[in-house]
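# Summary of structural features
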Amino acid sequence: FYNDGIWPDEWISFYISVSDLDFLEKLNLHLAREGSSPINLIFNNIIYFFVGYNYQNFELSFLVINIISILFFLQITKQKEKKLLILFLLSLNPMLIYYSGEIRFYTLSVLFSILSIIFFFKLQNFNSKLNILAFTIFTLISLLTNIYSISLLLSYFIYNFFKKNNKFFYIILFLIFIFFLILNFSYFEKMVIDYFSGSYGVAGNIDRKFFLGYFFNIFFGNILLGAFFLILFATSPLFFKLDAYNNDKLFLFYIIIFSSYLIPIFFFLLGKNVTFPRHLIFLVP
């Protein structure tokens, strides 16, 4: 999709970032016209500084970010066979391929969510100040980049409750959320008002198709491939059995998937539309 034009929301994001306005003027425009969090304006300005006034270079930058995300996620295991499987699944995933060329926050959401998860496990194994700082920063950036990353915080909370019950870790999660509100309150307030006033377009409703497809058909490119992965995921607890709980990584990943899918269901119970699947793109890995 390189050099084939970009969508209207990408143009808005691009033009605000590369305009001659000062940062506060850009920020006001971003809050008024953009749907993403203000931190994405900062990321776009950094990219603009390095690659210049050219949307094609922006696209390539996000593609590189997606490749870096895959390389980071390979570190989740030391076994070569599993690394190859991860590389195969992520490299050929149609959703990641499609959105890695967009001037939006999706690939950054994947990157910082992966880094958050990696340092979460490092923190479980070695409670150093460096790991605490890295986990806090990456989780906060992940949340600032994509508000739906709140499901990561919820997942960490549940994991800690069942596995460690480390009271200090609850404090870390609480501080991350407080920092998020302080840094992102204006955007958070606007998004809540817009969302519940119906300003956002219809993304779909929870019906029979939602529970059959569960977004898997979108994440994996088509209904058949999506159905295969959905069946694989649904039957995997039978295969792993107690390992689904005893294996720390498996247990966390199951929690993340379930807690993330609770978000659209929760909004449905409030009488609102389901979120766009691409906003939950950090689920793909």
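The structure this text deals with has already been given above.
As a starting point, this report considers the structure included with it. These figures come from a predicted structure and were not determined experimentally.

Across all of its chains, the model carries 33 aromatic pairs by this definition. Here Tyr-99 and Tyr-106 contribute two aromatic rings whose centre-to-centre distance is 5.1 Å and whose plane-to-plane angle is 70°, an arrangement assigned as edge-to-face. Of the residues examined, Tyr-99 reaches a relative accessible area of 15% and is grouped as buried. Ring plane angle 65° and centroid distance 5.6 Å describe the contact between Phe-120 and Phe-169, whose orientation is recorded as edge-to-face. Here Phe-120 is found in helix H7 (residues 106–125), whereas its partner Phe-169 is found in helix H10 (residues 167–197), with 49 residues between them in sequence. When sorted by exposure, Phe-120 lands in the same class as Phe-169, which is buried.

The packing of two helices is summarised by the inter-axis angle and the distance between the axes. Look at helix H3 (residues 39–51) against helix H8 (residues 129–145): their axes get within 8 Å of each other, and the N-to-C directions meet at 100°. When the axis of H3 is compared with that of H8, the two are roughly perpendicular. Residues Ile-39, Asn-40 and Phe-43 of H3 pack against Ile-141, Leu-144 and Thr-145 of H8. Of the residues that constitute the contact of H3 with H8, the class distribution is four nonpolar, two polar and no charged.

Now for the layout of surface pockets. The computed volume of the largest pocket comes to approximately 1,400 Å³. Residue lining of the largest pocket: 36 residues in total, with Leu-85, Leu-89, Leu-250, Phe-253 and Pro-285 positioned closest to the centre. Residue assignment for the lining of the largest pocket shows that the elements contributing at least two residues are helix H5 (80–91), H7, helix H12 (216–219), helix H13 (223–240) and helix H15 (248–269). By residue number, the principal contributor to the lining of the largest pocket is H15, which donates seven residues. The residue inventory of the lining of the largest pocket, partitioned by class, reads 27 nonpolar, five polar and four charged.

The next subject is a positive patch on the surface. Taken together, Lys-78, Lys-82, Lys-122 and Lys-249 make up a surface patch of like positive charges. On the basis of relative accessible area, Lys-249 is assigned to the partly exposed category, the value being 32%.

Turning next to empty space enclosed by the protein. On inspection of all chains with the given rule, the structure shows one cavity of 30 Å³ or more. Of the volumes computed, that of the largest cavity is approximately 40 Å³. Along its surface, the largest cavity is lined by Ser-13, Glu-34, Ser-36, Asn-40, Asn-44, Phe-62, Ile-103, Arg-104, Phe-105 and Leu-108. Considering only residue class, the lining of the largest cavity consists of four nonpolar, four polar and two charged.

Moving on, we come to unusual backbone geometry. The phi dihedral of Asn-165 falls on the positive side, at around 55°, and the residue is not glycine. Mapped onto the fold, Asn-165 is located in the loop between helix H9 (150–164) and H10. The phi angle at Lys-241 is positive, at roughly 55°, despite the residue not being glycine. Residue position: Lys-241 is located in the loop between H13 and helix H14 (243–246). The class for Lys-241 is exposed, based on a relative accessible area of 62%.

Cut-off values and rules
- Residues numbered from 1 in each chain as written.
- Predicted model: local features only at pLDDT ≥ 70, side-chain atom pairs only at ≥ 80, totals over all residues.
- Heavy atoms only, no water.
- Phe/Tyr/Trp six-rings, centres within 6.5 Å; stacked < 30°, edge-to-face > 60°.
- Buried < 20%, exposed > 50% of the residue type's maximum accessible area, 1.4 Å probe, protein only.
- Helix = DSSP H or I, 4+ residues; strand = E, 2+ residues; numbered from the N terminus.
- Axes fitted to C-alpha atoms, helices over the stretch in contact; angles between N-to-C directions.
- Parallel < 35°, antiparallel > 145°, perpendicular 65-115°, else oblique.
- Contact = heavy atoms within 4.5 Å.
- Nonpolar A, V, L, I, M, F, W, Y, C, P; charged D, E, K, R; others polar.
- 1 Å grid on protein atoms, 1.4 Å probe; cavity = no way out; pocket = protein on both sides within 12 Å on 5 of 7 lines; lining within 4 Å.
- Points joined across faces, edges and corners; volume = space filled by probe spheres on them.
- Patch = residues over 30% accessible without salt bridge, like charges linked within 9 Å, V, L, I, M, F, W, Y side chains within 5 Å.
- Areas by Shrake-Rupley, 256 points an atom, 1.4 Å probe, with all protein chains shown as cover.
- Salt bridge = Lys/Arg side-chain N within 4 Å of Asp/Glu carboxyl O.
- Lys, Arg positive; Asp, Glu negative; His and termini not counted.
- Charge placed at Lys NZ, Arg CZ, Asp CG, Glu CD.

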